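A closer look at the structure
Below are the chains, spelled out letter by letter.
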Amino acid sequence: MVELATLETGDLLESEVAMALGLRDVRHDPMGVLVDHLSHKRMLLVLDNCEHLSAVCARFVDRLLRSAPRLQVLATSRQTLRISGEQVLAVAPLSTPDPGPGCGHKVREVGRHDSVRLFVERAAGAVPGFRLNARNVAPVAELVRRLEGISLAIELAAVRLRSMPLERLARELEERFDVLVAKTPTALPRHQTMRATMEWSFRLCSAGERRLWARLGLFPSGADLETAEAVCSGDGIDRLEVLDHLTGLVDKSVLVREGSRYRMPEALRAYGREQLPPPEERRLRPRYVEHYRDLVKEHRIDRMAPEQLDSYLLLQRELPNIRVALEMCLSEPALAPMELEAASAMWCFWLMGGWFAEGRYWLGRGLERVPQAGRCRAVGVWADSLLALRQGQGAAAMRGLEEFLAFARGRGEEKLVAQGIRSSGVVAFFAGDARRGLALIREALTLHEAMGDMDGIMFDLYVGAAYGSTEHPRQAAEFGERLLALCESRRALVFRAYAQLALGVAHWNLGERRRAEALLTAATEFTGGINDRWCLTQCLEVLAWLAGERDEHERAAALLGAAHAMWRTVVASPEWMSYHATWHERCTRQARAALGRSAFAAAFRQGSRLGPQRAVAYAVSGAPRERPGGPGSKAPVTAGAGDRRRPRPGTSPAG
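Residues numbered from 1 in each chain as written. Predicted model: local features only at pLDDT ≥ 70, side-chain atom pairs only at ≥ 80, totals over all residues. Heavy atoms only, no water.

Attention now moves to the overall build of the chain. In terms of helices and strands, the chain carries 31 helices and six strands. The globule rule puts the C-alpha radius of gyration for 655 residues at 26 Å, and the 29 Å found for the chain is close to it. Viewed in the frame of its principal axes, the chain has a C-alpha envelope of about 85 × 60 × 55 Å. Within the structure as shown, the chain displays about 28,200 Å² of accessible surface, and the carbon and sulfur contribution to it stands at 50%. Treating the 88 positive side-chain charges of the chain as one cloud and the 80 negative ones as another, the clouds have centres 4 Å apart. (Helix = DSSP H or I, 4+ residues; strand = E, 2+ residues; numbered from the N terminus. Rg over C-alpha atoms; globule rule 2.2 N^0.38 Å. Areas by Shrake-Rupley, 256 points an atom, 1.4 Å probe, with all protein chains shown as cover. Lys, Arg positive; Asp, Glu negative; His and termini not counted. Charge placed at Lys NZ, Arg CZ, Asp CG, Glu CD.)

Over its 21 residues, helix α14 (residues 278-298) runs 30 Å from end to end, which matches the ideal 30 Å to within 8%, given 1.5 Å per residue. Residues of α14 that are buried make contact with α10 (207-216), α11 (225-232), α13 (266-274), α15 (308-330) and α16 (336-345). (Expected span 1.5 Å × (residues − 1). Contact = heavy atoms within 4.5 Å.)

Caution is warranted with low-pLDDT regions, since their predicted coordinates should not be read in detail. In the predicted model, the chain carries a mean pLDDT of 87, and the fraction of residues at 70 or more is 90%. When the criterion is pLDDT under 50, residues 624-655 qualifies, and its contacts beyond four places in sequence or with other chains add up to 72 contacts. (pLDDT = per-residue confidence, 0-100.)

To continue, consider the packing of helix α28 (residues 553-569) against helix α29 (residues 581-595). As a packed pair, α28 and α29 sit with axes 9 Å apart at the nearest point and diverge in direction by 130°. What the angle tells us is that α28 and α29 run oblique. Between α28 and α29 the crossing geometry is left-handed. In this structure, α28 contributes His553, Glu554, Ala556, Ala557 and Leu560 to the contact, and α29 contributes His584, Cys587, Thr588, Gln590, Ala591, Ala594 and Leu595. Residue composition of the contact of α28 with α29, by class: seven nonpolar, four polar and one charged. (Axes fitted to C-alpha atoms, helices over the stretch in contact; angles between N-to-C directions. Parallel < 35°, antiparallel > 145°, perpendicular 65-115°, else oblique. Left-handed = near helix turned anticlockwise from the far one by under 90°. Nonpolar A, V, L, I, M, F, W, Y, C, P; charged D, E, K, R; others polar.)

Next up on the list: the sheet that holds strand β6 (residues 261-263). Spatially, the three strands line up as an open sheet ordered β4-β6-β5, and their pairing is antiparallel. Of all strands in the sheet, those bounded by a partner on one side alone are β4 (223-224) and β5 (256-258). Here two bridges tie β4 to β6, and the two strands are oriented antiparallel to one another. Bridge assignment links Ala223 to a residue of β6, and that residue is Tyr262. (Pairing = 2+ DSSP bridges.)

With that out of the way, let us pick up the environment of Glu307. Looking at where Glu307 falls in the secondary structure, it is placed in the loop between α14 and α15. As for Glu307 and Cys232, which are separated by 75 residues in sequence, their C-alpha atoms are 27 Å apart.

Ordered in space as β1-β2-β3, the three strands form an open sheet in which the pairing is parallel. Because the sheet does not close on itself, it has two edges, and the strands there are β1 (2-3) and β3 (71-76). Across six bridges, the pairing between strand β2 (residues 43-48) and β3 is parallel. Along β3, the bridge assignment pairs Met43 with Leu71. Relative to β3, helix α3 (residues 54-67) is tilted by about 165°, and along the sheet it contacts β2 and β3.

Even without a glycine there, the phi angle at Asn49 is positive, about 65°. Mapping Asn49 onto the fold places it in the loop between β2 and α3. Classification of Asn49 by relative accessible area gives buried; the value is 18%. Of note, the phi angle at Asp235 is positive, near 50°, even though the residue is not glycine. The exposure class of Asp235 is partly exposed, given its relative accessible area of 43%. (Buried < 20%, exposed > 50% of the residue type's maximum accessible area, 1.4 Å probe, protein only.)

Attention shifts here to the nonpolar core. Phe119, Leu143 and Leu216 are the most contacted members of the largest nonpolar core, which totals 212 residues. The residues touching Leu143, leaving out its near neighbours within four places in the chain, are Phe119, Ala157, Leu166, Leu169, Ala170 and Leu173. (Core = buried A, V, L, I, M, F, W, Y, C linked by side-chain atoms within 4.5 Å.)

Here we come to the pairing of β2. Note: β1 against β2, two bridges, orientation parallel. Looking at the pairing, Val2 lines up with Leu47 of β2. Where the polypeptide runs from β2 across α3 and back to β3, its parallel neighbour, the crossover connection is right-handed. (Right-handed = clockwise from strand over helix to strand, strands pointing away.)

Here we take up the environment of Ala20. Tracing the sequence through the fold places Ala20 in helix α1 (residues 13-20). Separated by 280 residues in sequence, Ala20 and Arg300 place their C-alpha atoms 25 Å apart. With sequence-adjacent residues up to four places away left out, Ala20 is seen in contact with Met1 and Val2.

With that settled, the discussion passes to the pattern of salt bridges. One pass over the full model with this rule turns up 41 salt bridges. The residue Arg283 makes a salt bridge to Asp235 at a minimum N-O spacing of 3.3 Å. Residue Arg283 is located in helix α14, and its partner Asp235 is located in the loop between α11 and α12 (242-251); the two are separated by 48 residues in the primary sequence. A salt bridge links Arg377 to Glu403; the nearest nitrogen and oxygen atoms lie 3.2 Å apart. One end of the pair, Arg377, is in helix α19 (residues 375-390); the other, Glu403, is in helix α20 (residues 394-411), and 26 residues separate them in sequence. Classification of Glu403 as partly exposed rests on a relative accessible area of 35%. Overlapping salt bridges, with partners in common, bring together Glu8, Glu266, Arg269, Arg273, Glu281, Arg285 and Glu332 in one network. (Salt bridge = Lys/Arg side-chain N within 4 Å of Asp/Glu carboxyl O.)

Here's what the structure looks like:
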């Protein structure tokens, strides 16, 4: 299921579908990766809300279907895609009563229709005590017939009972629709009705509510009060009036309130966007862009802070709106540096979430528009290099780092120099030169310590602990212990999971299995709760080794299968990771020898089918519950993972 309503540009369609399928790293050819992945699969792919990307979707679906004979695509849209093989299913509206006089049980019979039941339910919410009876059955039946059983139209009409009686509502709808529908005689009947309902609702709003409705059309994932005040006030809307207008639009069922956020159904948002005059949108753009640039800078997740987890979840929620802001910047040359600055500030978000292709898409477009040397471009090149490395493009990563380091050294910016040295160490580790990688990490750590840069120190310690354990496990463990203490003292919960992973691997290499398993179990529970699949993938892998070490080979095979599915999700492999490759091969070989090829394959296959949440539940079942901070630690084992039903220790992953 791929929701396209919040996707504003067709350029990201292939990447968005790849993400939904778990193919996060699609390199330079997302379509080729999709075709390869789907060519032999039997699958239903649902593309929801295609109309604003209909031409792009048509070309995309046509190529997929030609390459994947067992694939079926269900596209929901207000218009057809018009491609070969398309079969159109018109989604029927809710049932409505037949016109004309009824029989003796008219109220009962009319009340059986879904459209009437919906209207009565919503009307009772607007006017407590409202119910269908002999006095109102005729106007209710006529009203739902006039609205052709369209659910959104019925909901918009029912809420008007707060301000006018039913008979007047039915009469006004009849009069207004005769005028409004006549304006669009070429539209399909149901589209005429829906548009007329929205226009009628729009005109019934106050002038301030109409302006706010139109301006909120810019926000595909909704907005909170603070954002609405910052971006949408001015030019006819006083900042103090925004809350009243939001409340009015909620009362009229134009907005839906979800916690602290206000969201519009997609049809209403698209209509509102149409009502925003181009000059007014041009005036709003700088405020919209500046708001999301500031939000990205304020909620960077590459800093050790108690707000780190909240910031990570906020960026996930705001990503559709951030995309709009980035696209606005790219449409105006003067704002291109602002786009590149924002995309670069999100580098850690792109990495942790696995949005490698999308991150490079925004960085690449920004770098094209900012060709002149400067700090903004240098940082953008550095961020792009990190993503390129995760995509397996070591040469491209190295070229970018050379440009970045040349700029940093030429300007004498010590912080950037240390940052580049650390990144060069990561490249060395990925290339298999662990000794050089560890030397570069020590150099970067010395520089960051001299500057007192705690965030830089944190990343140095992580890389040294995670990648250096095969070369120097005792020092890697020292790095990991120091990193874990820093994360716990600063309540940096997201980074704490990575510290637990890195330290767990170091203790595994030191032969301290129980401590390793406690750390990895804690990291598994946490990352499973926040959908950090990069950390979770590696945790499942190492937990498989630990199961094999206890001669629980069926469990090891199942965990290897679960990890395999996750490795595919991030399009990586344990063989690529210097601290995974040897142990992965050994665990696989021992489990296959102990179980036999057939039993190993069955357990592996079961594990690969678990999915992330069931894999987490299975992985943590029966694991030791020692506190990950060691004896006397006050740190909790988990945070934010939520309660889960877990299989009993020793049960099969399918149990």
